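# Per-entry structural report
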Amino acid sequence: MRQPEIDIAPEDPRQPEVRRLIALSDAWMQALYPSESNHLVDVDVLAGPDTVFLVARRNGEAIGSIALRIIAPDHAEMKRMFVRADARRCRLGRRLLAALEDAARRHNVARISLETGIRQPEAIGLYRASGYRECPPFGDYAPDPLSLFMTKRLRF
């Protein structure tokens, strides 16, 4: 049996189906962390001109997302990496991350940084395996015992 094809492309995060995906991500993060340790950006920020929002679709259905938000001329932050529970374990996270890094290169971004929670070992493992290394808090972030900050310099 042939596996369904998955497409990853930039989309408007304000679409109803994508908003539902973001709501699933919010619920997941709220179950893991207290509000002061959740650094969620809303859909209007994700739709801004300084952000590339990518959606993964399987047979037309939104199953994952990731965003790249430019925070300096050559530096961007990864936001909203999420894969629906029923789409996990098929290496979609790796594909989303690769698509994000390709988008960063197209925007002349030399470094991507991220904040993730310490209660997400699978995500942390993916980031480490993909070359991200721990770093101090960046941008407007303050130290948080539930947060892990990571960064990666991209090769062009």
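What you see is a predicted model; the values in this text were computed from it and never measured. (Residues numbered from 1 in each chain as written. Predicted model: local features only at pLDDT ≥ 70, side-chain atom pairs only at ≥ 80, totals over all residues. Heavy atoms only, no water.)

## Considerations on the nonpolar core
Formed by 29 residues in total, the largest nonpolar core has its most connected members in Met-78, Leu-92, Leu-97, Leu-100, Ile-112, Tyr-127 and Tyr-132. Counting only elements with at least two residues in this core, the list comes to strand E2 (51-58), strand E3 (61-72), strand E4 (75-83), helix H3 (92-106), strand E5 (111-117), helix H4 (121-129) and strand E7 (147-153). At seven residues, the largest contribution of residues to this core is made by H3. Not counting the four nearest positions on each side in its chain, Leu-100 is found in contact with Leu-54, Ile-66, Ala-67, Leu-68, Met-78 and Ile-112. In terms of nonpolar packing, the next biggest core, distinct from the first, is built from eleven residues, Leu-21, Val-43, Val-55 and Ala-62 among them. (Core = buried A, V, L, I, M, F, W, Y, C linked by side-chain atoms within 4.5 Å. Buried < 20%, exposed > 50% of the residue type's maximum accessible area, 1.4 Å probe, protein only. Helix = DSSP H or I, 4+ residues; strand = E, 2+ residues; numbered from the N terminus. Contact = heavy atoms within 4.5 Å.)

## Remarks on the sheet that holds E4
Taken in spatial order, the seven strands make up an open sheet running E1-E2-E3-E4-E5-E7-E6, and their pairing is mixed. The sheet is open, and its two edges are formed by strand E1 (6-10) and strand E6 (133-134), each paired on a single side. The pairing of E3 with E4 spans seven bridges and is antiparallel. Residue pairing for E4: Gly-64 is matched across the bridge by Val-83. Here helix H1 (residues 16-32) sits on the sheet in contact with E2, E3 and E4, set at roughly 90 degrees to E4. Across the sheet, H4 is in contact with E4, E5, E6 and E7; its angle to E5 comes to roughly 160 degrees. (Pairing = 2+ DSSP bridges. Axes fitted to C-alpha atoms, helices over the stretch in contact; angles between N-to-C directions.)

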